[in-house]
Amino acid sequence: MLRQNVLYGQDGLDLAFRWRAIKNTKLLLLCDVSGSMERYSRFLIQFIYALRQQLAGLDLAVFSTSMTVITEYLKQKNIDESLQKVSESV
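Throughout, residues of each chain are indexed from 1 in the direction in which the sequence is written. Reporting of local features is limited, given that this is a predicted model, to residues whose pLDDT is at least 70; pairs of side-chain atoms are given and counted only at 80 or more, and all residues count toward the totals for whole chains, interfaces and linings. Side-chain metrics rest on all non-hydrogen atoms present in the structure, leaving aside hydrogens and water.

**Describing the pattern of salt bridges**
How we decide: A pair is scored as a salt bridge if a Lys or Arg side-chain nitrogen falls within 4 Å of a carboxyl oxygen belonging to Asp or Glu. Each helix corresponds to a stretch of at least 4 residues labelled H or I by DSSP, and each strand to a stretch of at least 2 residues labelled E; elements are numbered beginning at the N terminus. Between buried and exposed lies partly exposed: a residue is buried under 20% and exposed over 50% of the maximum accessible area for its type, with that area taken using a 1.4 Å probe on protein chains only.
Evaluation of the coordinates by the stated rule reveals one salt bridge. We note a salt bridge from Asp 80 to Arg 42, for which the minimum N-O separation is 3.3 Å. With Asp 80 in helix α2 (residues 79–89) and Arg 42 in helix α1 (residues 38–54), the pair connects residues that are 38 residues apart, well separated along the chain. On the basis of relative accessible area, Asp 80 is assigned to the partly exposed category, the value being 45%. Overall, Arg 42 belongs to the partly exposed group, its relative accessible area being 43%.

**Concerning the environment of Arg 42**
We count it as follows: When checking whether two residues touch, look at their non-hydrogen atoms; a contact exists if any pair is within 4.5 Å.
Counting along the chain gives 41 residues from Arg 42 to Leu 83, while the straight-line C-alpha distance between them is 8.1 Å. With residues near it in sequence (within four places) discarded, Arg 42 still touches Asp 80 and Leu 83.

**Some remarks on the packing of α1 against α2**
Heads up, the rule is: Angles shown run from 0 to 180 degrees and are taken between the N-to-C directions of axes, each axis being a line fitted to C-alpha atoms and, for helices, limited to the stretch in contact. The scheme is simple: roughly parallel for angles under 35 degrees, roughly antiparallel for over 145, roughly perpendicular for 65 to 115, oblique for anything else. For any helix crossing, the convention is left-handed if the near helix is rotated counterclockwise from the far helix by under a right angle, and right-handed if that rotation is clockwise. Residue type decides the class: Asp, Glu, Lys and Arg count as charged, Ala, Val, Leu, Ile, Met, Phe, Trp, Tyr, Cys and Pro as nonpolar, and the leftover types, Gly among them, as polar.
Here α1 crosses α2 at 125°, and the two axes come no closer than 11 Å. One finds that α1 runs oblique with respect to α2. As for the relative orientation of α1 and α2, their crossing is right-handed in sense. Mapping the contact onto sequence places Arg 42, Ile 45, Gln 46 and Tyr 49 in α1 and Ile 79, Asp 80, Ser 82 and Leu 83 in α2. Its residues placed into classes, the contact of α1 with α2 shows four nonpolar, two polar and two charged.

Structural data, given as structure tokens:
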């Protein structure tokens, strides 16, 4: 900062600021697929599938007795294929 302000002498002073780079954050969505949420889980996964098409940094995990990350399964072009692979893995 001092080197940049040598040209001004005592008349002025430029303050040097360092801006922080904005980091891309990832969003992790959790979906309950236990027996009590059976009615809603297919709809929620379809909704998240649609969100995944628009948001690149979105990860999805489902849980019942254990948690499973299913982001890779949602990369299919067809929602029915994605849901079939999710049900096979979970």
